[in-house]
Amino acid sequence: MAMHKMTERDLNEAYAGESMAFMKYNIWADKADQEGRPQIARLFRAIAQAEKVHATNHWRTLGMVQGTKDNLQHAIDGENYEVDEMYPAFKAVAELQEEKGAVRSTYWALETEKVHAQMYAKAMGSVEQGKDASFGEIWVCPVCGYTGEGEAPDLCPVCNAKKATFKKF
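Along each chain, residues carry numbers from 1 onward, in the same order as the chain's sequence is written. Given that this is a predicted model, residues contribute local features only at a pLDDT of at least 70 and side-chain atom pairs are listed and counted only at 80 or more, while totals for whole chains, interfaces and linings are drawn from all residues. Excluded from the side-chain calculations are hydrogens and water; all other atoms, namely the structure's heavy atoms, are used.

Considerations on helix α3 (residues 68–96)
For an α-helix, the turn length of 3.6 residues means that residues three or four places apart are oriented alike. Going by this rule: Working definition: helices are DSSP H or I runs of at least four residues, strands are E runs of at least two. Numbering for both runs from the N terminus. Expected span, for any helix, means 1.5 Å times one less than how many residues it has. Residue exposure (1.4 Å probe, protein chains only): buried if accessible area is under 20% of the type maximum, exposed if over 50%, otherwise partly exposed. Note on contacts: a residue pair is in contact if any heavy atoms of the two residues lie within 4.5 Å.
Along its 29 residues, α3 runs 40 Å from first to last C-alpha, staying within 8% of the 42 Å computed at 1.5 Å per residue. Looking at α3, one finds that the buried residues are L72, A75, I76, E79, E82, V83, M86, Y87, K91 and A94. Looking at the packing, one finds that the buried side of α3 touches α4 (100–128).

As structure tokens, then:
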């Protein structure tokens, strides 16, 4: 039996809200750490984890936790939407309104999402061959989010942050 449209809408809204709470609590935890308040940071991170559990439960109930191939396709579609439609439009509006910070953050995201789409496509190719993907070291710039694989450059190609600051995965 299909889920009632109102329930589906409600679960999607709850998923979005819990997802945003997860992110903002983690961001605020980082800020509390910077201000020398590790106990408050720990509280933010603990509650963020609970919000992630809530979001996961809603997402699972909506049938959105699928196999890796389907999940990769959804990820590719999402990244391509951001590259082709969302960020170019957001950046254009920010430029018209002379919102320099928004222009910068949308540009950084746009350039990064292009790489994400390529990385997901590489992973999809491996899955279609019945294998796991093979990636070298993956690194992320903490300033703009740019993501790369293999040996990191001395400076981020998007924002010029130093290699020493990159987070490695």
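Quick word on the pattern of salt bridges
As a reminder of what qualifies: Whenever Lys or Arg places a side-chain nitrogen within 4 Å of a carboxyl oxygen from Asp or Glu, that contact is recorded as a salt bridge.
The tally for this structure, following the rule as stated, stands at 10 salt bridges. E111 is paired through a salt bridge with K114; the nearest N and O atoms lie 3.0 Å apart. Taken as a pair, E111 and K114 lie in helix α4 at a separation of three residues, close to a single helical turn. We classify K114 as partly exposed; its relative accessible area is 34%. Here E151 ties to K163 by a salt bridge, and the two come within 2.4 Å at their closest N and O atoms. Of this pair, E151 sits in the loop between β2 (147–149) and β3 (167–168) while K163 sits in the loop between β2 and β3, and the two are 12 residues apart along the sequence. Of the residues examined, K163 reaches a relative accessible area of 24% and is grouped as partly exposed. Salt bridges sharing partners connect three or more residues here, namely R9, D10 and E13.

Some details on the sheet that holds β3
Note the threshold: Strands pair, by our definition, only if DSSP identifies at least two bridges between them. Lines fitted to C-alpha atoms define the axes, with helix axes restricted to the stretch in contact, and inter-axis angles between N-to-C directions lie between 0 and 180 degrees.
Taken together, three strands build an open sheet; the order of strands is β2-β1-β3 and the sheet is antiparallel. The open sheet is flanked by β2 and β3, the only strands paired with a single partner. Relative to β2, strand β1 (residues 138–140) runs antiparallel, the two sharing three bridges. Each bridged residue has a counterpart across the sheet, and for I138 the counterpart in β2 is E149. Along the sheet, α4 makes contact with β1 and β2, crossing β2 at roughly 40°.

Examining the environment of Y15
Mapping Y15 onto the fold places it in helix α1 (residues 5–34). In sequence terms Y15 and L62 are 47 residues apart; their C-alpha atoms lie 9.5 Å from each other. Filtering out sequence-adjacent residues up to four positions away, Y15 remains in contact with A55, H58 and W59.

Looking at the side chain of E18
Test applied: Positive: Lys, Arg. Negative: Asp, Glu. His and the chain ends are not part of the count. Counting of polar contacts relies on pairs of N or O atoms within 3.5 Å, with two restrictions inside protein: one atom must be capable of donating a hydrogen and the other of accepting it, and residues adjacent in sequence are counted only when both atoms are side-chain atoms.
Its place among the elements puts E18 in helix α1. Despite its burial, E18 pairs with no opposite charge, the nearest such side chain being K24 at 9.4 Å. Reaching out from E18, the side chain makes a polar contact with the side chain of H54 at a distance of 3.4 Å.

Remarks on the packing of α3 against α4
Our working definition: Angles below 35 degrees are treated as roughly parallel, those above 145 as roughly antiparallel, those between 65 and 115 as roughly perpendicular, and all remaining angles as oblique. By definition, any crossing whose near helix is turned counterclockwise from its far helix by less than a right angle is left-handed, and any crossing with a clockwise turn is right-handed. Under the scheme applied here, ten amino acids are nonpolar (Ala, Val, Leu, Ile, Met, Phe, Trp, Tyr, Cys and Pro), four are charged (Asp, Glu, Lys and Arg), and all others, including Gly, are polar.
In the contact formed by α3 and α4, the axes pass within 8 Å of each other and the chain directions differ by 160°. Between α3 and α4, the angle is such that the two are roughly antiparallel. As α3 runs across α4, the sense of the crossing is left-handed. Looking at the contact of α3 with α4 residue by residue, the classes come out as 19 nonpolar, five polar and eight charged.

Description of the packing of aromatic side chains
How we decide: To pair, rings of Phe, Tyr and Trp, with the six-membered ring standing in for Trp, must have centres within 6.5 Å; the planes then decide the type, stacked if under 30 degrees apart, edge-to-face if over 60, and tilted in the middle.
Under the definition given, this model contains seven aromatic pairs. Plain terms: the ring middles of Y25 and W28 are 5.9 Å apart, the flat faces sit at 40° to each other, and that makes the pair tilted. Pair noted here: Y25 and W28 are both in helix α1, with a separation of three residues, about one helical turn. A relative accessible area of 18% places Y25 in the buried class.

What about unusual backbone geometry?
Unlike most non-glycine residues, E98 shows phi in positive territory, near 55°. Tracing the backbone shows E98 in the loop between α3 and α4. A residue is classified by how much of its surface remains accessible, and E98, at 66% relative accessible area, is exposed. Even without being glycine, N160 reaches a positive phi, approximately 70°. Relative to the assigned elements, N160 resides in the loop between β2 and β3.

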